[in-house]
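Secondary and tertiary structure notes
Here is how the chains run, residue by residue.
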Amino acid sequence: MSDNLRMLGAYSAAMEAGDGTAVFEFWSDDFVSHVTERVSPDRVGTDVRGQEQEWWQQAKSAFPDMQFLVNLLIESDDLVVSNWTVKGTHTGTAFYDVPPSGDPVEINGTAVLRIRDGKIVKHWGGPHCQQGLGLIR
């Protein structure tokens, strides 16, 4: 296993375990998300690592039995493509203003990550279905 994949595994395990500060350890200070312009245009050029931290915290709070699964990893030089799924039952808190339903939830996404010196420096992608399934308005 490459150093990049080992680092991503450690990051995912830390976030799934509830270590919200891991985003600051594994993402570089000069991290750039190419999704920011689409979802938070007012945040372009700012440190968006806190938004990743908030997403994980909200997901863990909303889906107490949450599982984070990596379905596919493709690595080429300093790029890693990851297709991932979060599964859980919405028995906790509201998730992006959607009240708990008691129903199972599955959120799938794809991330393309550029890694430099053991840290994530760029990101393209994100969840595919939150808005499409009505989980986020």
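Right above here is the structure, for reference.
Calculation rules
- Residues numbered from 1 in each chain as written.
- Predicted model: local features only at pLDDT ≥ 70, side-chain atom pairs only at ≥ 80, totals over all residues.
- Heavy atoms only, no water.
- Phe/Tyr/Trp six-rings, centres within 6.5 Å; stacked < 30°, edge-to-face > 60°.
- Helix = DSSP H or I, 4+ residues; strand = E, 2+ residues; numbered from the N terminus.
- Buried < 20%, exposed > 50% of the residue type's maximum accessible area, 1.4 Å probe, protein only.
- Expected span 1.5 Å × (residues − 1).
- Salt bridge = Lys/Arg side-chain N within 4 Å of Asp/Glu carboxyl O.
- Axes fitted to C-alpha atoms, helices over the stretch in contact; angles between N-to-C directions.
- Parallel < 35°, antiparallel > 145°, perpendicular 65-115°, else oblique.
- Contact = heavy atoms within 4.5 Å.
- Nonpolar A, V, L, I, M, F, W, Y, C, P; charged D, E, K, R; others polar.
- Polar contact = N/O pair within 3.5 Å; in protein donor to acceptor, adjacent residues only side chain to side chain.

**Observations concerning the packing of aromatic side chains**
This structure, assessed with the given rule, holds ten aromatic pairs. For the ring pair Y11 and W27, a centre distance of 6.2 Å and an interplane angle of 45° mean the geometry is tilted. Remark: W27 occurs in strand β1 (residues 27-33) and Y11 occurs in helix α1 (residues 3-16); sequence separation between them is 16 residues. A residue is classified by how much of its surface remains accessible, and Y11, at 6% relative accessible area, is buried. In this structure W27 comes out as buried when scored by relative accessible area, which is 7%. Among the aromatic residues, those joined into a ring-pair cluster are W55, W56, F63, F68, W84, F95 and Y96.

**Notes on helix α4 (residues 49-62)**
Spanning 14 residues, α4 covers 20 Å between terminal C-alpha atoms, matching the ideal 20 Å at 1.5 Å per step. For α4, the set of buried residues is R49, Q53, W55, W56, A59 and A62.

**A word on the pattern of salt bridges**
Within this structure, the stated rule accounts for six salt bridges. Put simply, D30 and R116 hold a salt bridge, and the shortest N to O gap is 3.1 Å. Here R116 lies in strand β4 (residues 104-116) and D30 lies in strand β1, a separation of 86 residues in the sequence. Classification of R116 as partly exposed rests on a relative accessible area of 42%. Beyond isolated ion pairs, a larger network of salt bridges with shared partners links D29, D47 and R49.

**Quick look at the packing of α1 against α4**
Put simply, α1 and α4 touch, their axes get as near as 10 Å, and they point 50° apart. It follows from the interaxial angle that α1 and α4 lie oblique. Across from Y11, S12, M15 and E16 in α1, the residues of α4 making contact are E52, Q53, W56 and K60. Taken together, the residues that form the contact of α1 with α4 break down as three nonpolar, two polar and three charged.

**Some details on the side chain of N83**
Inspection of the secondary structure puts N83 in strand β3 (residues 79-89). Given the relative accessible area of 18%, N83 is considered buried. At a separation of 2.9 Å, a polar atom in the side chain of N83 contacts the side chain of T110.

**Observations concerning the environment of L73**
Residue placement: L73 occurs in strand β2 (residues 67-76). Residues L73 and K87 lie 14 residues apart in sequence; the distance between their C-alpha atoms is 18 Å.

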